[in-house]
Amino acid sequence: MTNFYSAQFIVFIVITLISYYTFLRKKQWVCLSLASVVFYYCTGIENFFFLLITGFTTWIGAKYLKKYSEELIRVRKDTSLEKAVKEIIKVKVLRKRRVIMWSIVLLNFSMLAYIKYVRVVMENIAGVFQNSLQNNAVYHHALSLVLPLGISFYMFQSVGYLL
């Protein structure tokens, strides 16, 4: 379905639009989410894999960030703790939150960079070495990656959700 002029893609869009505006009128986000997952799966298993990893890591990260936020609120409200102890706990919790957030941001942007730039880099390397890479499996895999539509938007949205 990577050809946007194919009958398969047009049928997919028509079914998505009909579902969006009629059947799933009250749950339009479900329709778009399902259509996105189907679209990414049809563009290639690698793209689907990146989508799942981004969604899963963002979800897990958000759960941990919420847990540490609740812990921070609980410590601030606890009147039995001294101010110095509260400050030590606050620093530790904020450090954990920062590590989680930046780890997920780094992971998501690393995947985005891989998807967007590995093909360009491999083509440039092939231009320098010309014929020596023609039989290399890694080179052919990198050139076979198709940049899925909207992957940058999805990555930035997921990172924005965390921040």
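Preceding this paragraph is the structure being described.
Here goes a summary of the coordinates provided. (Residues numbered from 1 in each chain as written. Predicted model: local features only at pLDDT ≥ 70, side-chain atom pairs only at ≥ 80, totals over all residues. Heavy atoms only, no water.)

1. What to know about a nonpolar patch on the surface
A cluster of nonpolar side chains, Ile 10, Val 14, Ile 18, Phe 23 and Leu 24, forms an exposed patch at the surface whose accessible area comes to about 470 Å². With respect to the element layout, Ile 10 can be found in helix α1 (residues 7–23). Here Ile 10 falls in the partly exposed class, since its relative accessible area comes to 46%. (Patch = residues over 30% accessible without salt bridge, like charges linked within 9 Å, V, L, I, M, F, W, Y side chains within 5 Å. Areas by Shrake-Rupley, 256 points an atom, 1.4 Å probe, with all protein chains shown as cover. Salt bridge = Lys/Arg side-chain N within 4 Å of Asp/Glu carboxyl O. Helix = DSSP H or I, 4+ residues; strand = E, 2+ residues; numbered from the N terminus. Buried < 20%, exposed > 50% of the residue type's maximum accessible area, 1.4 Å probe, protein only.)

2. Details of the nonpolar core
Phe 9, Phe 12, Ala 35, Phe 39, Tyr 40, Phe 50, Leu 51, Met 111, Leu 112, Ile 115, Ile 151 and Met 155 together form the largest nonpolar core, which totals twelve residues. Looking at this core, the elements that each hand over two or more residues are α1, α2 (28–43), α3 (45–77), α4 (83–129) and α6 (151–162). (Core = buried A, V, L, I, M, F, W, Y, C linked by side-chain atoms within 4.5 Å.)

3. What about the side chain of Thr 54?
Tracing the backbone through its elements, the reader meets Thr 54 in helix α3. Residue classification places Thr 54 among the buried residues on the basis of a relative accessible area of 0%. Sequence-distant contacts of Thr 54, that is, excluding residues within four places in its chain, are made with Asn 108, Met 111, Tyr 154, Met 155 and Ser 158. (Contact = heavy atoms within 4.5 Å.)

4. A look at the packing of α2 against α3
At a minimum axis distance of 5 Å, the contact between α2 and α3 shows a crossing angle of 140°. Our classification of the angle between α2 and α3 gives oblique. Counted together, Val 37, Tyr 40, Tyr 41 and Thr 43 of α2 and Ile 45, Asn 47, Phe 48 and Leu 51 of α3 form the full contact between these two elements. (Axes fitted to C-alpha atoms, helices over the stretch in contact; angles between N-to-C directions. Parallel < 35°, antiparallel > 145°, perpendicular 65-115°, else oblique.)

5. Remarks on the packing of α3 against α6
Any two packed helices are characterised by the angle at which their axes cross and by the distance between the axes. Relative orientation of the contacting elements α3 and α6 amounts to 5°, with a least axis distance of 9 Å. Overall, the two elements α3 and α6 adopt an arrangement that is roughly parallel. Counted together, Leu 51, Thr 54, Gly 55, Thr 58, Gly 61, Ala 62 and Leu 65 of α3 and Tyr 154, Met 155, Ser 158, Tyr 161 and Leu 162 of α6 form the full contact between these two elements. Across the contact of α3 with α6, the residue classes break down as seven nonpolar, five polar and no charged. (Nonpolar A, V, L, I, M, F, W, Y, C, P; charged D, E, K, R; others polar.)

6. A look at the pattern of salt bridges
Enumeration over the complete set of coordinates arrives at one salt bridge. A salt bridge links Glu 70 to Lys 66; the nearest nitrogen and oxygen atoms lie 3.9 Å apart. Residue Glu 70 and its partner Lys 66 are both found in helix α3; the two are separated by four residues, about one turn of the helix.

7. Some remarks on α2
Spanning 16 residues, α2 covers 23 Å between terminal C-alpha atoms, matching the ideal 22 Å at 1.5 Å per step. Residues of α2 that are buried include every one of Cys 31, Ala 35, Phe 39, Tyr 40 and Thr 43, and no others. Each buried residue of α2 lies within a common arc of 155° when the element is viewed along its axis, so the set occupies one face. For α2, the exposed residues set more than 90 degrees away from the buried face come down to Trp 29 and Leu 34. In this structure, the buried residues of α2 make contact with α1, α3 and α6. Just past α2, the residue Gly 44 takes up positive phi, approximately 145°. (Expected span 1.5 Å × (residues − 1). Arc of directions from axis to C-beta.)

By themselves, these figures tell us nothing about what the structure is for.
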